[in-house]
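# Geometric and topological summary
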2 protein chains.
Amino acid sequence: MYQQIADEIRGQIVAGDLEPGAKLPTEAEMRSAYDVSRETVRKALNLLVNEGLVVSARPQGHFVRRREPMIFRPQTEFRKRPHSPEMDAFATEHSAEGREPRQVIEVAIVEPPAEVAKRLQLKAGDLVAIRKRVRYLDGEPFNINDSYFPLDIVRDSEIMRPEDITRGANEVLAELGYRQVRALDELYVRMPQPEEVKRLELPPGTPVGYHITTGFTAEGRPVRVATTVLPGDRHVISYERGLETPGEEA
Amino acid sequence: MYQQIADEIRGQIVAGDLEPGAKLPTEAEMRSAYDVSRETVRKALNLLVNEGLVVSARPQGHFVRRREPMIFRPQTEFRKRPHSPEMDAFATEHSAEGREPRQVIEVAIVEPPAEVAKRLQLKAGDLVAIRKRVRYLDGEPFNINDSYFPLDIVRDSEIMRPEDITRGANEVLAELGYRQVRALDELYVRMPQPEEVKRLELPPGTPVGYHITTGFTAEGRPVRVATTVLPGDRHVISYERGLETPGEEA
DNA sequence: TTGCCCGCATTGACTGGACAATGGCGTCAG
DNA sequence: CTGACGCCATTGTCCAGTCAATGCGGGCAA
């Protein structure tokens, strides 16, 4: 029965009868409209909230959720910065859309999590340098980006300083003799962990993409692992590929 | 308070104290353990269900959710089939992992949805051929893959027949004179629509990746749009890239 | 031994009620 | 006119209880 209520409202949302930002009837109104108890109405609303269609703003009511994703291009991070050299890759990508970027950088030396150690082919006890970044757009948290480097190759380099690296960390790695020529990308789709919910201020019903890039040198050594947590409501992941002709084999 | 209960159980799950498949305490047990009402316990469980950590099997109880993703490689769909030619790209990719693939194909001529028409650069009223596929693995639905082709270039071709195309629809397109040399991939992360929940038998708390590929010929004409709905609990999206050196510009 | 049926534990759905928290808005005082 | 205060509509949290649905497993009959 609460499913039916949810279905009806969901229908109005997808049909456009209720536009993004529109206010839904209050619980009391729906209660009398459908002649059910308040808890039943709330269950219907809870469904829609968990589907990411509705947000609740106490005590204003429930509203149809707005959605304005930005474009995330993993490839762009490796292109030459076309414009203002004082902006890093992130700023360049998004400032064009008229929003103000900002990022908070933290640097540390840690034992890497297992999934990172595996991809960097480290032995137990090996340490890594980690650059943790939370990126903001117009003051709102946008994504979390953590880059891991084997400690022995970045020790004392610019990468250890908690400041923007204008020309990109990848260029610094190249200057150190570890130019990346190949990357393996993996993407998981899942619900966020509570810590991610807090750091990214995610409303309920917001899944995230968890993107892991491993960068390799020409010799095949992995020298960088970057993980990005991408809130689904703020991102489109986009990339371009050339296609192999079916005659050749990789 | 129900948050605290959820936190505690979540902690046990991520710490590994509760292994995948393990049975949680019953609602009654938790009710007396925490000395709260049943509704409060259920609210905590509902949180975990929507986070994708727990599934409920009535009337057996609640269980820690299992997760065994398969690897999805958009690039592989363009490689020459290395092994058994009677399997299409999908079967080849997954049969190696010892599971039995199957797919149901449907072909139709329709007016394309707006997001497809836009990518195929069609005029209003232009029709497309659509190949709708639901793919199964070991009898379980795995993903939904719909491919759209401009009707004028595939009319009367093999693509209109609702059967497996062993050598791949892309090869057929190439034989028709429309070899694709470039593709644009977009990926959205969102919660599934009710229809997708039904077709893919998605448990609550399962987000999906919505993958749209547009294939272009050397002349720059889009000749194929493929959309794939990828349940987050069954997929890892994976691809490899060569990296441009920062000296050159794309 | 085999097969059927029913009980029972467990979760799902719904009700009615109570109190708390929040933020806007109107009112009132300075 | 301005600022502070308090009302109030609305959602959040929690409780106690009732009945329904489900599937396993034990008991009973053939």
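Residues numbered from 1 in each chain as written. Chains lettered and ligands numbered in written order. Predicted model: local features only at pLDDT ≥ 70, side-chain atom pairs only at ≥ 80, totals over all residues. Heavy atoms only, no water.

## Comments concerning the overall build of chain A
Of regular secondary structure, chain A possesses 8 helices and 10 strands. Out of the 250 residues belonging to chain A, those deemed buried represent 47%. Contacts in chain A between residues far apart in sequence, at least 24 positions, make up 61% of those at least 6 positions apart. Put simply, chain A shows about 12,300 Å² of open surface, and 49% of that area lies on carbon and sulfur atoms. (Helix = DSSP H or I, 4+ residues; strand = E, 2+ residues; numbered from the N terminus. Buried < 20%, exposed > 50% of the residue type's maximum accessible area, 1.4 Å probe, protein only. Contact = heavy atoms within 4.5 Å. Areas by Shrake-Rupley, 256 points an atom, 1.4 Å probe, with all protein chains shown as cover.)

## Considering the nonpolar core
Ranked by internal contacts, the top residues of the largest apolar core, which has 15 residues, are A:Leu120, A:Tyr148, A:Val225 and A:Val229. A total of 3 residues in this core trace back to one element, the largest contributor, which is strand β8 (residues 208–217) of chain A. (Core = buried A, V, L, I, M, F, W, Y, C linked by side-chain atoms within 4.5 Å.)

## Some thoughts on the protein's contact with DNA strand D
As a matter of local geometry, DNA strand D sits amid 22 residues, with A:Arg42, A:Ser56, B:Met1, B:Tyr2 and B:Thr40 nearest to it. Taken together, the sugar and phosphate atoms account for 68% of what DNA strand D places within 4 Å of the protein. The side chain of A:Glu39 places a nitrogen or oxygen atom 2.9 Å from a base nitrogen of DNA strand D. Residue A:His62 places a side-chain N or O atom 3.5 Å away from a phosphate oxygen belonging to DNA strand D. Listed by contribution, the elements that provide at least two residues to the surface near DNA strand D are α3 (38–50) and β2 (61–64) of chain A together with α3 (38–50) of chain B. With 4 residues, the single largest contributor to the surface near DNA strand D is α3(B). Partitioned by chemical class, the residues of the surface near DNA strand D number 5 nonpolar, 7 polar and 10 charged. (Near = heavy atom within 4 Å. Polar contact = N/O pair within 3.5 Å; in protein donor to acceptor, adjacent residues only side chain to side chain. Nonpolar A, V, L, I, M, F, W, Y, C, P; charged D, E, K, R; others polar.)

## Structural notes on the packing of aromatic side chains
This model, assessed by the stated rule, comprises 0 aromatic pairs over all chains. When the ring centre of B:Tyr136 is taken as origin, the NZ or CZ atom of B:Arg102, which lies over that ring, is 4.3 Å away. (Phe/Tyr/Trp six-rings, centres within 6.5 Å; stacked < 30°, edge-to-face > 60°. Lys NZ or Arg CZ within 6 Å of the ring centre and 35° of its normal.)

## Regarding the packing of helix α2 (residues 27–34) of chain B against α3(B)
Residues and elements named next belong to chain B. At a minimum axis separation of 9 Å, α2 and α3 run at an interaxial angle of 110°. Considering their axes alone, α2 and α3 lie roughly perpendicular with respect to each other. Of the two elements, α2 crosses α3, and the hand of that crossing is right-handed. Listed contacts from α3 to Glu27, Met30 and Arg31 of α2 are Arg38, Val41, Arg42 and Leu45. For the contact of α2 with α3, a count of residues per class yields 3 nonpolar, no polar and 4 charged. (Axes fitted to C-alpha atoms, helices over the stretch in contact; angles between N-to-C directions. Parallel < 35°, antiparallel > 145°, perpendicular 65-115°, else oblique. Left-handed = near helix turned anticlockwise from the far one by under 90°.)

## Let's talk about the confidence of the model for chain A
All names here are of chain A. This prediction gives chain A a mean pLDDT of 84; 86% of its residues lie at or above 70. Note on residues 78–88: pLDDT is under 50 here. Beyond four places in sequence and across chains, it has 34 contacts. For the stretch residues 245–250, pLDDT sits under 50, and the model shows 11 contacts to residues farther than four places along the chain or on other chains. (pLDDT = per-residue confidence, 0-100.)

## A closer look at unusual backbone geometry
Residues A:Arg58 and A:Pro59 are joined by a peptide bond in cis, for which omega reads -10°. Its location among the elements puts A:Pro59 in the loop between β1 (54–57) and β2. Phi at B:Gln121 takes a positive value of approximately 55°, unusual for a residue other than glycine. Note that B:Gln121 resides in the loop between α5 (114–119) and β5 (128–137). For B:Gln121, a relative accessible area of 59% gives the class exposed.

## A short note on the pattern of salt bridges
All names here are of chain A. The tally for this structure, following the rule as stated, stands at 30 salt bridges over all chains. In this structure, Glu27 and Arg38 form a salt bridge, with 2.6 Å as the shortest nitrogen-oxygen distance. A residue pair is termed long-range when its members are at least 10 positions apart, and Glu27 in helix α2 (residues 27–34) and Arg38 in helix α3 qualify at 11 residues. Arg119 is the salt-bridge partner of Glu186, the closest N and O atoms lying 2.8 Å from each other. Linking Glu186 in strand β7 (residues 180–190) with Arg119 in helix α5 (residues 114–119), this pair joins segments that are 67 residues apart in sequence. Residue class for Glu186 comes out buried when judged on its relative accessible area of 12%. (Salt bridge = Lys/Arg side-chain N within 4 Å of Asp/Glu carboxyl O.)

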